[in-house]
Amino acid sequence: MTPIRQCVVCRGRHPKTELLRIAESDGSGGISLMPAGQYRPGRSRYLCRPCLERARTRGLSCGNSRLTPGAVEEIVGGLETNASGEAECEPGARPSDAEGHALSLLGLALRANRVRMGRDETLKTIRAGKAALVVLASDAGKDLRGAVETTLRDATGLESIPGPSKQEIGRALGRRSVGVLAVTDTGFARSIRDRFFAGGASEIGGTS
Ligand SMILES: [Zn+2]
């Protein structure tokens, strides 16, 4: 039997599988949304779909955190791919969905000023010890890949994860093409990494 949970906005009670989970990003004041049932440490709060629809024009406040309508719109874009097939959101059921979520989160992280893009910025961020996650495009050039890997080797315990193509990452970040990027917030980094791995990429340096 599906557990019932309350929507944080309208207080309506719904089966958990129909709700979205709200997670606060560590320290950044940002929040993210994901299908309920997807594990994430911290307090569980839920949002119903009608309230999500309203949040598209009004934005969403939760605790001390807030999402702008634009940020909600980006998340909804990622989730709609999911909702179009089955009503139930099975995390990781379809690779492209999880990847879409990851890209939406990257967009959010960028708005929160937690993303450094491109070769120079990324390498600088890694060397400064400020990178929590490095995403390398699947079609990144050999030189870029080599430079990133060399720099990462000198940085303790940090590895890159394979992302989608340069164009796909670029689209999510409002650029033509992004070959490599660093996420500087650990909360965003964890969520984004989880999504990409939920999408079937091979795990590196397992931190589950
Ligand atoms: Zn609601």
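In this text the structure is predicted, and so the values were computed from the model without any measurement.

*Asks:* It is not clear to me how the coordination of the zinc ion should be interpreted in this structure. Could you clarify?
*Replies:* A four-donor tetrahedral metal ideally has 109.5 degree angles, and a six-donor octahedral metal ideally has angles of 90 or 180 degrees. Here the zinc ion is held by the protein donor atoms Cys7 (SG), Cys10 (SG), Cys48 (SG) and Cys51 (SG), which lie 2.3 Å from it. Coordination at the zinc ion is tetrahedral, judged from the four donor atoms that bind it and the angles of 102 to 114° they form at the metal. Spacing between the donor residues of the zinc ion along their common chain follows C-x2-C-x37-C-x2-C. A residue pair is termed long-range when its members are at least 10 positions apart, and Cys10 in the loop between strand S1 (4-6) and strand S2 (13-15) and Cys48 in the loop between strand S5 (45-47) and helix H1 (49-58) qualify at 38 residues. The exposure class assigned to Cys48 is buried, which follows from its relative accessible area of 3%.

*Asks:* Teacher, can you tell me more about the sheet that holds strand S9 (residues 133-136) here?
*Replies:* Taken together, four strands build an open sheet; the order of strands is S8-S11-S9-S10 and the sheet is mixed. Only two strands of the sheet have a single partner each, and these edge strands are strand S8 (115-117) and strand S10 (160-162). Averaged over all adjacent pairs, the angle separating strand axes in this sheet is 25°, with direction ignored. Across three bridges, S9 lies against S10 in parallel orientation. Paired with Val134 across the strands is Ser160, a residue of S10. Against the sheet, helix H4 (residues 119-127) contacts S8, S9 and strand S11 (180-183), and its axis sits at roughly 130° relative to S8. With respect to the sheet, helix H5 (residues 142-154) is in contact with S9, S10 and S11, its orientation differing from that of S9 by roughly 160°.

*Asks:* When you look at the pairing of S9 in this model, what are you seeing that I'm missing?
*Replies:* Alternating positions in S9 separate into two faces, Leu133 and Val135 on one and Val134 and Leu136 on the other, with burial throughout. With four bridges joining them, S9 and S11 adopt antiparallel strand pairing. Within S11, the position partnered with Leu133 by the bridge is Val183.

*Asks:* I would appreciate a short explanation of the nonpolar core in the present structure.
*Replies:* A general tendency of soluble globular proteins is for nonpolar side chains to be buried together. Leu47, Leu106, Ile169, Leu181 and Ile192 are the most contacted members of the largest nonpolar core, which totals 55 residues. No other element matches helix H3 (residues 95-111), which puts six residues into this core. The residues touching Leu181, leaving out its near neighbours within four places in the chain, are Leu106, Val115, Arg116, Met117, Thr122, Leu133, Val134, Val135, Ile169 and Leu173.

*Asks:* Looking at this structure, I do not really get the environment of Thr184. What am I missing?
*Replies:* Inspection of the secondary structure assignment puts Thr184 in the loop between S11 and helix H7 (186-198). For Thr184, a relative accessible area of 26% corresponds to the partly exposed category. The spacing of Thr184 and Val134 is 50 residues in sequence and 9.0 Å in space, taken between C-alpha atoms.

*Asks:* Explain unusual backbone geometry here, please?
*Replies:* Excluding glycine, most residues fall at negative phi; most peptide bonds, likewise, are trans. With a phi close to 70°, Arg11 is a non-glycine residue in the positive phi region. Assessed through its relative accessible area of 52%, Arg11 is described here as exposed. For Asn113, which is not a glycine, the phi torsion comes out positive at approximately 60°. Relative to the helices and strands, Asn113 is located in the loop between H3 and S8.

Cut-offs used in this document
Counting restarts for each chain, with residues numbered from 1 along the sequence as it is written. Residue-level local features of this predicted model are given only where pLDDT is at least 70; pairs of side-chain atoms are given and counted only at 80 or more, and the full residue set underlies all totals for whole chains, interfaces and linings. In computing side-chain values, all of the structure's heavy atoms are included and hydrogens and water are not. Coordinating N, O and S atoms are those within 2.8 Å of the metal (3.2 Å for Na, K and Ca), and as water is not part of the atoms, a site may appear to have fewer donors than expected. Geometry is assigned from donor-metal-donor angles: four donors are tetrahedral when every angle falls between 85 and 135 degrees, four are square planar and six octahedral when opposite donors sit over 155 degrees apart with all other angles between 65 and 115, and any other arrangement is irregular. Numbering goes from the N terminus for both helices and strands, where a helix is a DSSP run of H or I of at least four residues and a strand is a run of E of at least two. Type-normalised accessible area, obtained with a 1.4 Å probe on protein chains alone, sets the label of each residue: buried when under 20%, exposed when over 50%, and partly exposed for intermediate values. Pairing between strands requires that DSSP locate at least two bridges from one strand to the other. Working convention: axes come from line fits to C-alpha atoms, limited for helices to the stretch in contact. Angles between N-to-C directions cover 0 to 180 degrees. Residues are treated as being in contact if the distance between any of their heavy atoms lies within 4.5 Å. The set of buried Ala, Val, Leu, Ile, Met, Phe, Trp, Tyr and Cys residues whose side-chain atoms join them within 4.5 Å is what this entry labels a nonpolar core.

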